[in-house]
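Observations on the model geometry
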Amino acid sequence: MNYNNANVNRNSNAKGNGFSVRCVKDCHSKGESVKPDSPLFIELHRAYIDARRNKRNTMNQLRFEKKLEAELLALCNELENRTYELRPGICFINEVPVKREIIAADFRDRVIHHFIYNRIYPVFDRQFIYDSYSCRVGKGTLFGVKRALGFAQACKSGWVLRLDIKGFFMAIDRGILFDLTMKGLRKSGRKISDLDEYLLSKVIFNDPMKNVSFRSHPSKWDGLPLDKSLRGSPPNCGLPIGNLTSQVFANVYLNPLDHYVKRELKIKHYGRYVDDMVLMHSDKRVLINAISSIRSFLSEKLKLTLHPKKIQLQPASKGFGFLGAYVYPNGMVTGRRTLSHFRLAVFSPMSAEEKSKKVGSYLGLMGHFK
């Protein structure tokens, strides 16, 4: 039997599709409980294709691809037998765009992250408000900036409130997150499979710091606040920055807040990218009252804290920073941090190919601004 690595098409006439066609061992041998034509295998292969999209030619990805069929079959059997365990990640400090602690998952676990994402994202995407921008198909930072511009144009003589959550990812309560995730799946009317519940529990309650390997020198953590590191997180709290699942779970976790702001506080012009929030209203007092209401909701329902130093209330006409841009009622300009990173990309030593990609990316973004 031949196996097409690109689209799970078991066809020997795949010479023209540009992808490898590999021989798969006989799956009826002793110890094999899953076949490559099983729905679970096909679903995992789709997750692998998604996971490798931005990880081509990394050592982890190449090692996995070298024994692709065996790796996917092993994952299938572990999921069927409920014996899957996450492997230790690699922890390091990333300085750009801001100093962050990153825990990179093993590529094998990235496949599972995409497997989970493909299963739950369509369910939750229908439950999220329109103005939640992070990790959503057809949205993102540029979409969020353009929506903020629309808000500013609708509230030219109004006020804008910017809010942020202190140590957001490190403060997420895993128990609350799991309950919100299961509640959201039940709300959709979709039957929750035992496998879904098993995997969600495994990933959400996983301790990212357990047996983690550190790639950055300990001095790199100097100056990083404790609430920005999982080493300072309370027990049973914190998600690793960088994982696809963490980004989706962030939206699940703050979805109740989004609906509270829109339905209870009735703030029409409200948007959120991860924990970066923007609210606009013609009445300054409405926004002042919203600060205390949101602070109480976060504390009581989600065990989160508004960042006291990142509460900004000002006239919309003066402009405000949001997602790497500065927004005015009459247009947008590139933010200082984005310009700084653009200059860094231009003048830093790197390969011509890498420089071309980075500079081109920034030019494409800045082409949307004045």
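Reading the values: the criteria
Residues numbered from 1 in each chain as written. Predicted model: local features only at pLDDT ≥ 70, side-chain atom pairs only at ≥ 80, totals over all residues. Heavy atoms only, no water. 1 Å grid on protein atoms, 1.4 Å probe; cavity = no way out; pocket = protein on both sides within 12 Å on 5 of 7 lines; lining within 4 Å. Points joined across faces, edges and corners; volume = space filled by probe spheres on them. Helix = DSSP H or I, 4+ residues; strand = E, 2+ residues; numbered from the N terminus. Nonpolar A, V, L, I, M, F, W, Y, C, P; charged D, E, K, R; others polar. Axes fitted to C-alpha atoms, helices over the stretch in contact; angles between N-to-C directions. Parallel < 35°, antiparallel > 145°, perpendicular 65-115°, else oblique. Left-handed = near helix turned anticlockwise from the far one by under 90°. Contact = heavy atoms within 4.5 Å. Buried < 20%, exposed > 50% of the residue type's maximum accessible area, 1.4 Å probe, protein only.

**Some remarks on empty space enclosed by the protein**
In the structure shown here, the tally under the stated rule is one cavity of 30 Å³ or more. Approximately 40 Å³ is the volume attributed to the largest cavity. Around the largest cavity sit Phe115, Ile116, Arg119, Ile120, Asp196, Leu199 and Leu200, which together line it. Broken down by secondary-structure element, the contributors of at least two residues to the lining of the largest cavity are helix H4 (107–125) and helix H8 (194–204). No other element matches H4, which puts four residues into the lining of the largest cavity. Residues belonging to the lining of the largest cavity are distributed by class as follows: five nonpolar, no polar and two charged.

**A look at the packing of helix H1 (residues 39–52) against helix H3 (residues 68–81)**
At a minimum axis separation of 10 Å, H1 and H3 run at an interaxial angle of 120 degrees. Considered as vectors, H1 and H3 are oriented oblique to each other. Crossing handedness for the pair H1 and H3: right-handed. Facing H1, whose interface residues are Leu40, Phe41, Leu44, His45 and Tyr48, H3 presents Leu68, Glu69, Leu72, Leu73, Leu75, Cys76, Leu79 and Glu80. Split by residue class, the contact of H1 with H3 holds ten nonpolar, one polar and two charged.

**Focus: unusual backbone geometry**
Excluding glycine, residues mostly have negative phi values, and the peptide bonds linking residues are mostly trans. You will see that Arg82, though not glycine, has its phi angle at about 60 degrees, which is positive. Assignment of secondary structure puts Arg82 in the loop between H3 and strand S3 (90–94). For Lys266, which is not glycine, the phi dihedral falls at a positive 55 degrees. Considering the arrangement of structural elements, one finds Lys266 in the loop between helix H9 (244–264) and strand S7 (269–273). Judged by relative accessible area, which is 60%, Lys266 ranks as exposed.

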